[in-house]
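What the coordinates show
The lines below spell out each chain.
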Amino acid sequence: MYFSARVSIDPSQLTKIERVEPDEMFRKFLHYVTSGATSKKVEHETFTTVSVLQQLNRLFWEIDINNIIRLSHDDIDIYYDKEGKKDDLKDALDAYELTINDAMSHHFKTLHMVLEHEDSNFIYLIEIDINRTHAVGVYPIDIKVNALMKEFRKKDGENEESVKAKMKTRFSGQEVLDQFVQEQHLAFETFINDIGLRIRKHMKIDDVKVQVDKRVVMPKTKDRKPVFKGRRKNPSREYDPVFDGYHGFGDILLYSFLWSTLLQDHHMHVSDVTLVGDNADVLGSIGAEGIDAGDADLFNADMDFDTVGADSLGDVGGFDTVTDAGSDGSWFDFGDMDVGGFDI
């Protein structure tokens, strides 16, 4: 188990809304015969990358978050720490201001930043995406926060069995596990709420949305070890950055790949969690009703989940599968668009 949060920010800025000519043939035809009325709208933000980075820097400096892993401008890495350097946020931001000129700061597609932080409870990975162009209604600044339990970090000289031994004390009974998870969840929510307050303090915003989630990794094979494939080019908004293979996170993430096995071995009741695959794909969720992990094939360590379809997973009591219907809707869905006298 690990904790995940999304903080979406709508800054107080002027935006320009315009229609985008579609790529598909049928949509392009409708675009012309309706004078663009059927085309999607996008918003263009007027803020500069430097102005946003300066506000974020003040925010993170105040809560002692000063370790950066990555800073990218339109998929070009301006700074990438592959060695685990400490206190390098200022160096990265200085490098950015020296590299990016005024024109690039005004005209960009995306700015991507990944930070690392540690406190008494968690190792955090914080991913920030700043999008100049985005769909109408979608907030341009998206922060994903993942928190891994520091107590179970694999240390030098330890192996998988050593990590399991540390975890078993928390699985000695249902009440013991529930109390531990509740305490950890509360600590994570406190951290996220603090970030939300600092955002309101240091940034001019219209709105902030916060979602907090508990997540259980469901490895697809018997080998309960993380295998990193690097950052996805177009990750979904549900995607968690702890799976991107940044320096040192393999040892931290290992325990979460063992969690589901211990849930089954100890017949733990599982509820109110999101289930994710070992490639960070969201498989579904278990609601408040919950299930006994020891009685569900879903948690069977001997099962190869590549051979299990969504239909069979949906038969598990309390489990809801996720169906990816696509983010753009169907080709005939025109929403509330006014197309004049044209009949569709």
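Check the entry above for the structure.
For clarity, every value in this text was computed on a predicted model and none was experimentally measured.

Structural notes on the overall build of the protein
Per the secondary structure count, the protein includes 8 helices and 15 strands. Taken over 344 residues, the protein has a buried fraction of 46%. Taking as baseline every contact in the protein between residues at least 6 positions apart, the subset at least 24 positions apart corresponds to 71%. Of the accessible surface of the protein, which amounts to about 17,700 Å², a share of 47% is contributed by carbon and sulfur atoms.

Focus on the pairing of strand E1 (residues 2-11)
Buried residues dominate E1, accounting for 9 of its 10 residues. Two elements, E1 and strand E10 (residues 205-217), share 10 bridges in a ladder whose sense is antiparallel. Within E10, the position partnered with Val7 by the bridge is Val210. Inspection of the sheet shows E1 paired to strand E9 (residues 141-149) by 7 bridges, in the antiparallel sense.

Regarding the environment of Glu151
Along the polypeptide, Glu151 turns up in the loop between E9 and helix H5 (160-168). Given the relative accessible area of 35%, Glu151 is considered partly exposed. Considered as a pair, Glu151 and Phe122 are 29 residues apart in the sequence and their alpha carbons are 7.9 Å apart. Sequence-distant contacts of Glu151, that is, excluding residues within four places in its chain, are made with Lys166, Arg170 and Phe180. Separated by 3.0 Å, the side chains of Glu151 and Arg170 make a polar contact.

Rules used in this analysis
Residues numbered from 1 in each chain as written. Predicted model: local features only at pLDDT ≥ 70, side-chain atom pairs only at ≥ 80, totals over all residues. Heavy atoms only, no water. Helix = DSSP H or I, 4+ residues; strand = E, 2+ residues; numbered from the N terminus. Buried < 20%, exposed > 50% of the residue type's maximum accessible area, 1.4 Å probe, protein only. Contact = heavy atoms within 4.5 Å. Areas by Shrake-Rupley, 256 points an atom, 1.4 Å probe, with all protein chains shown as cover. Pairing = 2+ DSSP bridges. Polar contact = N/O pair within 3.5 Å; in protein donor to acceptor, adjacent residues only side chain to side chain.

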